[in-house]
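So you can see what is in the structure, the chains are spelled out below.
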Amino acid sequence: MPHPDHEKNRAAWNEMVDLHVNHMEYRTQEVIDGGSSLKRLELEALGDVKGKSLLHLMCQFGLDTLSWAREGAEVTGVDISDMSIKRANEMVQKTGLEGEFIRCDLLDFIGVIDEKFDFVYQSYGTHCWLSDIFKWAEVVAHYLKPGGTFYIVDGHPMEVLHYDPGMSYFAKEPERTVGQPDYCARDTKIMHEQVEWQHPVFEIVNALIQAGLTIERMDEYNFGYYKVEEDWYSEDGGHYWYPPGGPTDYPLLLAIKAKKL
Ligand SMILES: C[S@@+](CC[C@H](N)C(=O)[O-])C[C@H]1O[C@@H](n2cnc3c(N)ncnc32)[C@H](O)[C@@H]1O
């Protein structure tokens, strides 16, 4: 039985994907032309992926997935959005890279494919869409080979307070929004309802531990991963962004590297 709120997000993401494929914030043409959408943190964290299998969770239209393929990995991407997977498969054609893309709610993904992976990877704007972080961690652990590595780099759960000091870091109820501007194409409103959940760091960490993973390191960063408003600025060629007041006194990005022993 599909999760009703995840299905709402599926419709919202179907509405959003083309806004992103065509937006300069996403480096679609660069990837088609032989470049990469991967940023410094994940490249450093995963290191050499040549000849390794990699599962990309919540892959949208496959830019990072296919960039990992360009680094030499055998890649599979999974995403709930029909339009994401359609565009990802078009990116396979346009880049000539190999990659398998599967449309599935991540929380229903166990058993959908038989393979296990050397790397499970997830990045930038993902955990907030998941209603159950403990179930998520089970999916991560399930798809890792023994000895395999999981890496997530994502918006920090503190991020919500940066945007709205009235929010709770510990909120249990999801946030529901309709007609909110797209996070890239700011002049376009998303008319399908979006449902987002708050997962404090302790829950994310405990979920991974409970799923049997060994956390190797955790990092927090005082910069964000996209240009939220015109006045955000970058010091590294546009890969990471500071808000107008400069580096924040609290983290905007969270990264966790874990192993399945
Ligand atoms: C911010 S985007 C992807 C992050 C990636 N770094 C990017 O920007 O391309 C979040 C993705 O999560 C997907 N998503 C949302 N809920 C999901 C779910 N329950 N299962 C799988 N994918 C989901 C959306 O369809 C969307 O493609």
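Above: the structure in question.
Visitor: Quick rundown of the sheet that holds strand 1 (residues 53-57)? Include the residues and the values.
Guide: Spatially, seven strands are ordered 3-2-1-4-5-11-10 in an open sheet, and the strand pairing comes out mixed. Of all strands in the sheet, those with a lone pairing partner are strand 3 (100-103) and strand 10 (214-221), marking the two edges. Direction aside, neighbouring strands of the sheet carry axes that sit 15° apart on average. Relative to strand 2 (residues 74-79), strand 1 runs parallel, the two sharing five bridges. Looking across to strand 2, one finds that Ser53 is bridged to Glu74.

Visitor: I'd like a rundown of the packing of helix 1 (residues 4-21) against helix 5 (residues 82-95), residues and numbers included.
Guide: The geometry of helix 1 relative to helix 5 is characterised by a closest axis approach of 7 Å and an angle of 35° between their N-to-C directions. Residues Arg10, Asn14, Val17, Asp18 and Val21 of helix 1 form the contact with helix 5, whose own contacting residues are Asp82, Met83, Ser84 and Arg87.

Visitor: Pulling in residues and values, what's your account of the site of the ligand?
Guide: Around the ligand lies a shell of 18 residues, among which Tyr26, Asp79, Asp105, Leu106 and Ser123 are the nearest. Residue Gln60 places a side-chain N or O atom 3.0 Å away from an oxygen atom belonging to the ligand. About the coverage of the ligand: the protein hides 95% of its 590 Å² of free accessible area. Across the shell around the ligand, the residue classes tally to ten nonpolar, six polar and two charged.

Visitor: So what's going on with unusual backbone geometry? Residues and values would help.
Guide: Of note in the backbone geometry, Met58 takes a positive phi value of approximately 60° without being a glycine. Looking at the element boundaries, Met58 is found in the loop between strand 1 and helix 4 (63-70). Of the residues examined, Met58 reaches a relative accessible area of 18% and is grouped as buried. Positive phi outside glycine occurs at Gln60, with the angle close to 45°. Locating Gln60 in the fold gives a position in the loop between strand 1 and helix 4. Relative accessible area serves as the criterion here: at 9%, Gln60 is assigned to the buried category.

Criteria and cut-off values
- Residues numbered from 1 in each chain as written.
- Predicted model: local features only at pLDDT ≥ 70, side-chain atom pairs only at ≥ 80, totals over all residues.
- Heavy atoms only, no water.
- Pairing = 2+ DSSP bridges.
- Helix = DSSP H or I, 4+ residues; strand = E, 2+ residues; numbered from the N terminus.
- Axes fitted to C-alpha atoms, helices over the stretch in contact; angles between N-to-C directions.
- Contact = heavy atoms within 4.5 Å.
- Near = heavy atom within 4 Å.
- Polar contact = N/O pair within 3.5 Å; in protein donor to acceptor, adjacent residues only side chain to side chain.
- Areas by Shrake-Rupley, 256 points an atom, 1.4 Å probe, with all protein chains shown as cover.
- Nonpolar A, V, L, I, M, F, W, Y, C, P; charged D, E, K, R; others polar.
- Buried < 20%, exposed > 50% of the residue type's maximum accessible area, 1.4 Å probe, protein only.

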